[in-house]
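Structure assessment
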Amino acid sequence: VCWVCWVCWVCWVCLVCWWKKIQNLEFTKMYNINTDESYYLKLFFGLPFLDSDNVIDCFTDDFLAILPAKDDRVVQFTDYIFENYISPDAMFPPNIWAQFSASCNCTTNGCERFHSHLNSSFYSSHPNIYNFINVLVEIQSETCIKCRSNGIKTKKIYEKEAFIREQMTKLA
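Residues numbered from 1 in each chain as written. Predicted model: local features only at pLDDT ≥ 70, side-chain atom pairs only at ≥ 80, totals over all residues. Heavy atoms only, no water.

Time to look at the nonpolar core. W18, F44, L47 and W97 are the most contacted members of the largest nonpolar core, which has 24 residues in total. Among the secondary structure elements, those contributing two or more residues to this core are α1 (3-24), α2 (28-31), α3 (36-43), α4 (52-63) and α5 (72-86). For this core, the leading source of residues is α5, giving 6 residues. Apart from the residues within four sequence positions on either side, W18 is in contact with F44, F45, L47, P48, F77, Y80, I81, Y85 and W97. (Core = buried A, V, L, I, M, F, W, Y, C linked by side-chain atoms within 4.5 Å. Buried < 20%, exposed > 50% of the residue type's maximum accessible area, 1.4 Å probe, protein only. Helix = DSSP H or I, 4+ residues; strand = E, 2+ residues; numbered from the N terminus. Contact = heavy atoms within 4.5 Å.)

This is the structure we're talking about:
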């Protein structure tokens, strides 16, 4: 398993755990309403896109400065994130799940990506068997070509990664 895919998987698992914690604290309705608390909670989902060295600084300088202390559950969520994901002795420190990368190849679930690509190839939910087989043969051909290309990136991918990298450095 490549390192980037593993980091993306760990990042995805962390995000799911964060969302489950929000659900356990009964924040789901409030999360969708524009309040100080919902804005604060939504900021947490941007942490995985920071460089791992900057996560703790961002948390202590930026997040704690705007912590809405009206609701004890917000403080409880913040403590949970800090203790399990941000502190130096956390179970999942930032160097495992935070990645400042402009890579276009990072995906959280290859199966979902394939399924989405397969579904977009049809115009109806129950396609003709001949159309279905043609699409599968086409996907197989694309896969063989990608395997033989040995990871060679196109000019479009290089331009896209350069643009993303430029935008990320502007924000850093």
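Continuing now.
As a further point, take the confidence of the model for the protein. Across the protein, the average pLDDT comes to 77, with 81% of residues at or above 70. Here α1 stands out as the element of the protein with the lowest mean pLDDT, 64, in contrast to α5, whose mean of 87 is the highest. Here residues 1-10 is modelled with pLDDT under 50, and outside its nearest four sequence neighbours on either side it reaches 12 contacts, counting other chains as well. (pLDDT = per-residue confidence, 0-100.)

Evaluation of the coordinates by the stated rule reveals 10 aromatic pairs. Their ring planes at 20 degrees and their centres at 5.5 Å tell us that F59 and F82 sit as a pair that is stacked. Placement of F59 in helix α4 and of F82 in helix α5 is noted, with a sequence separation of 23 residues between them. Residue F59 is classed as buried on the basis of its relative accessible area of 2%. Feature note: the residues Y40, F44, F59, F63, F77 and F82 constitute an aromatic cluster, connected by ring pairs. Geometry around Y80 places K21 over its ring, the cationic atom sitting 4.9 Å from the centre. (Phe/Tyr/Trp six-rings, centres within 6.5 Å; stacked < 30°, edge-to-face > 60°. Lys NZ or Arg CZ within 6 Å of the ring centre and 35° of its normal.)

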